[in-house]
Every structure is written in C-alpha cells, then in structure tokens.
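# Reading the structure
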Amino acid sequence: MSELARADGLTLRQDYFDDPSAWKGLVDLLQDTFSIDIGIQDQFGGPDPSSMPFGYFDQEGRCIANFSAFSMPMIVNGRAVKAAAYQSGAVRPEWRERGLYRDLMQRAFDRTAAEGYELDLLLTDKPVLYERYGFRTVPQHVFVAQIPKLQKSESSVRQLSLETPDDISLIKSFLQSRKPVSSCFAVVRQMEMFLLNACFNSAIRLTMLGDDAVIAWTFDGATFWLLDVAGITIPSLAAILSALDIEPDRIEICFPPDRLDCQASPEPYEGYTVLMARGKAAGEITGPLILSPMAEF
Ligand SMILES: CC(C)(COP(=O)(O)OP(=O)(O)OC[C@H]1O[C@@H](n2cnc3c(N)ncnc32)[C@H](O)[C@@H]1OP(=O)(O)O)[C@@H](O)C(=O)NCCC(=O)NCCS
C-alpha cells in the first residue's frame, strides 16, 4: 500500500468482487463519477469473473478509488491474442491528485504483465494520461457499406428481450460459443459488456436470426447500424438485411466487415473516447478497424 494511503487510513483491496458490500462500493463510485449503474450486471450473473479490480476503501467502507483489469481474448489480424482490458478507473474528487490512481494503475499493469498478457487495451477520453505508460491511440473507422441486393429470406427472426430470462440465457450461450465477428479485430469471448451495453442503450435491438446468430443493431428509419453479430456462423450483410426486412438509405458497420460478404469503405470514427493499445501484440494491429460498440468497456 502507498505511504499516503496508509497515512489516511485507507485499505487496499484486490479481487474483492466476492464481497457484496465492496462490489456495491465500486457500483457507487462509478455511479457518482460517470452516472452509470454497473449494478445492473447483477441481473445477468454479476461482473466478469476474470475481473482483477484494485481499489482503495476508506474507514467507512466507501470505495474511493479503483482501477480494474479483465481478460478480453481477441482476434488480431487472424491470430488469437491474450489481451487484457482496463476499465472502472475513477478516484473520488476529494482524493484526487495524490497519486492514488497512479498507484492502482501500476498494480493492475504489474499483475497483467506477470500473467503474460500480450496486448493491453483501453478506451479513454484522456489519452495523455495513458501515453506515459506506453499506450498509443489506435484510429477507428466505421464501414459504410454499399446497399446489397435483398433476397427473399428463409430465416426466421425474433426480437429478444433482456427482461426475459430465457432470452438472456440464449444470448449468453451465443456469446460463449460465437465465431469472432471479424478475423481482423474482434473479441473472441466477452459476455458481460455486451449485455451491459445492450442495457445502457434502449435503441439497441437484439434479434435472433434463424438458429445461428444474434444480431445487435439500431435503425433510425434511414441509417442502419450493424453493431455486432454473435453467431456460430456469420451471415452475409444481404442475409441480415433481408431477414430483418428493412431497406435503409445508409448502412454503417461497426466492426471490420471481412466476414459479411459485402463492399464497404472505411470512414474515420470520431467517438467520445479513443481506443488505446500497448504490448507486444500491439504492433500486429492493422487497420482500418473498430472495436464493436457491444464490446466497449
Ligand atoms: C483521472 C483520475 C482517475 C485521476 O485520478 P488521480 O488520483 O487524481 O490521479 P493521480 O494523482 O494518481 O495522477 C496520476 C497521473 O495522471 C495524471 N492525470 C490526472 N488527471 C489527469 C487528466 N484529467 N488528464 C491527464 N492526466 C491526468 C497526473 O498528472 C498523473 O501523472 P503522472 O503519473 O505522470 O504524475 C480522476 O481525476 C478521476 O476519477 N476523474 C474522473 C473519472 C475519469 O476520468 N477516469 C478516467 C477514465 S479513463
């Protein structure tokens, strides 16, 4: 523990998600800092079991600072890569500028280095903070697709709901056995963020297409955004649009579309956060690419 933390009566806790009151402490910290409720994850079986949280707690048991790593296996340029992602970084205002975040970041980075992760990923609106730890911004692009010729679809479609336990189980089973949505840059396994992201944005629709894939998408009447496909096989863009029975004016694909059998052009993506990477596999990342919004963390 840092000298400062000891002097202030703080307790350092690692891997504390099994303690419901400590987990609630993190939920409160992120609610107060970012106005998001990660406690929703309790409805889906709790946080990612691979999480490696590092937090400081005060004498009342409040979590006053946190930084977490978790395992996010990736496909990068055709190769399965052991990747770690970092999230839930926050320090309560009254505890800032004393080095607590630096201390927690260092602990998390030491842990993932010791466990042999070959790629570190994060999303941030403060890239300068992480550049001094060797992270570099990875430019992201959305892929604007040519409108494919629609076919008469044989596939059944069914809207899924996160209010329905059977639908949640179905979505989870696809997330566990999915084929990565792209061979260029995509998660291999990630369940908790997909469900949380779907909960956070009520415009996101999850549609079961045939027996093979769950499609995550939004449509505003003109533009169709294809956010992710969690499937044992990846249907073509034409098959997806035909089954959904929509005729958009514009199609934006929010992951590299190499498995969608379509023509698409990359356009720079300007998001609120930037994607950053470091580690020995970071050099293997070649664009254009984007991390699916369903995998955002
Ligand atoms: C960003 C935040 C976590 C920093 O916490 P902190 O305890 O004040 O940070 P520390 O005192 O440990 O400083 C760590 C380093 O970050 C730098 N830093 C702090 N705030 C920064 C900011 N807003 N932009 C860029 N760098 C920043 C410090 O200069 C320091 O750099 P150094 O290690 O080279 O000396 C805190 O301000 C916070 O919770 N902000 C709101 C939530 C947020 O933005 N979280 C990060 C999401 S990616």
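All values reported here derive from a predicted model rather than from experimental measurement.

### Details of the overall build of the protein
Scanning the protein from terminus to terminus reveals 7 helices and 17 strands. Computed over the C-alpha atoms, the radius of gyration of the protein is 20 Å, within 12% of the 19 Å expected from 2.2 N^0.38 for a compact globule of 297 residues. Overall, the protein is about 70 × 40 × 30 Å in size when its C-alpha atoms are taken along their principal axes. Here the protein holds 297 residues, and the buried ones make up 53% of them. For the protein, the exposed area adds up to about 13,600 Å²; of that, 48% sits on carbon and sulfur atoms. Across the protein, the centroid of the 27 positively charged side chains sits 5 Å from that of the 40 negatively charged ones.

### Quick notes on the sheet that holds strand 5 (residues 79-81)
Spatially, 5-4-11 is the arrangement adopted by the 3 strands of the open sheet, whose pairing is antiparallel. Two strands bound the open sheet, and with one partner strand each, they are strand 5 and strand 11 (185-187). Taking the axes of each pair of neighbouring strands and ignoring which way they run, one obtains an average angle of 25° across the sheet. Two strands pair when backbone bridges link them, and strand 4 (residues 74-76) and strand 5 are joined in this way by 3 bridges, in the antiparallel orientation.

### Some details on the site of the ligand
Around the ligand, the surrounding shell holds 18 residues, and the nearest of these are V91, E97, R102, K126 and R132. One of the backbone nitrogen or oxygen atoms of L100 is found 3.5 Å away from an oxygen atom of the ligand. Within the contact set of the ligand, an oxygen atom lies 2.7 Å away from a side-chain nitrogen or oxygen of R102. Contributing elements (two or more residues each) for the shell around the ligand: helix 2 (20-34), strand 6 (83-91), helix 3 (100-114) and helix 4 (127-131). In terms of residue class, the shell around the ligand is made up of 8 nonpolar, 4 polar and 6 charged.

### Comments concerning helix 3
In a regular helix each residue adds 1.5 Å, so 15 residues correspond to 21 Å; helix 3 covers 21 Å between its end C-alpha atoms and thus fits that length. When helix 3 is considered as a whole, its buried residues turn out to be L100, Y101, D103, L104, M105, A108, F109 and T112. At the C-terminal side of helix 3, G116 shows a positive phi close to 80°.

### Overview of the state of the cysteines
Scanning the entire structure with this criterion turns up 0 disulfides. Free cysteine: C254, not disulfide-bonded; nearest cysteine sulfur from C262 at 12 Å. Given the relative accessible area of 6%, C254 is considered buried.

### Here's the deal with the packing of aromatic side chains
Following the criterion strictly, the structure yields 13 aromatic pairs and no others. With 5.0 Å between their ring centres and 85° between their planes, Y16 and F57 make a pair best called edge-to-face. Of the two residues, Y16 sits in the loop between strand 1 (11-14) and helix 2 while F57 sits in strand 2 (residues 52-57), which places them 41 residues apart along the sequence. F57 shares its class with Y16; the two are buried. Summarising the aromatic geometry, the rings of F67 and Y86 are spaced 5.6 Å apart at their centres and angled 10° between planes, so their arrangement reads as stacked. One end of the pair, F67, is in strand 3 (residues 63-71); the other, Y86, is in strand 6, and 19 residues separate them in sequence. Look at F67 and you get buried, because its relative accessible area is 2%. The class for Y86 is buried, based on a relative accessible area of 3%. Among the aromatic residues, those joined into a cluster by ring pairs are F67, Y86, Y101, F109, Y130, Y133 and F135. In this arrangement the basic side chain of R13 is found over the ring face of F57, its NZ or CZ atom lying 5.6 Å from the centre. One Lys or Arg, R278, reaches over the ring of F109 and ends 4.3 Å from the middle of that ring.

### Thoughts on unusual backbone geometry
Negative phi characterises most residues that are not glycine, and trans characterises most peptide bonds. The step from G287 to P288 runs through a cis peptide bond, and the omega angle for that step is -5°. Relative to the helices and strands, P288 resides in the segment after strand 17 (274-278). Phi at D15 is positive, roughly 50°, even though this residue is not glycine. Secondary-structure assignment places D15 in the loop between strand 1 and helix 2. Residue classification places D15 among the partly exposed positions, given a relative accessible area of 41%. Phi at E97 is positive, roughly 60°, even though this residue is not glycine. Within the secondary structure layout, E97 lies in the loop between strand 6 and helix 3.

Definitions and limits used
- Residues numbered from 1 in each chain as written.
- Predicted model: local features only at pLDDT ≥ 70, side-chain atom pairs only at ≥ 80, totals over all residues.
- Heavy atoms only, no water.
- Helix = DSSP H or I, 4+ residues; strand = E, 2+ residues; numbered from the N terminus.
- Rg over C-alpha atoms; globule rule 2.2 N^0.38 Å.
- Buried < 20%, exposed > 50% of the residue type's maximum accessible area, 1.4 Å probe, protein only.
- Areas by Shrake-Rupley, 256 points an atom, 1.4 Å probe, with all protein chains shown as cover.
- Lys, Arg positive; Asp, Glu negative; His and termini not counted.
- Charge placed at Lys NZ, Arg CZ, Asp CG, Glu CD.
- Pairing = 2+ DSSP bridges.
- Axes fitted to C-alpha atoms, helices over the stretch in contact; angles between N-to-C directions.
- Near = heavy atom within 4 Å.
- Polar contact = N/O pair within 3.5 Å; in protein donor to acceptor, adjacent residues only side chain to side chain.
- Nonpolar A, V, L, I, M, F, W, Y, C, P; charged D, E, K, R; others polar.
- Expected span 1.5 Å × (residues − 1).
- Disulfide = S-S within 2.5 Å.
- Phe/Tyr/Trp six-rings, centres within 6.5 Å; stacked < 30°, edge-to-face > 60°.
- Lys NZ or Arg CZ within 6 Å of the ring centre and 35° of its normal.

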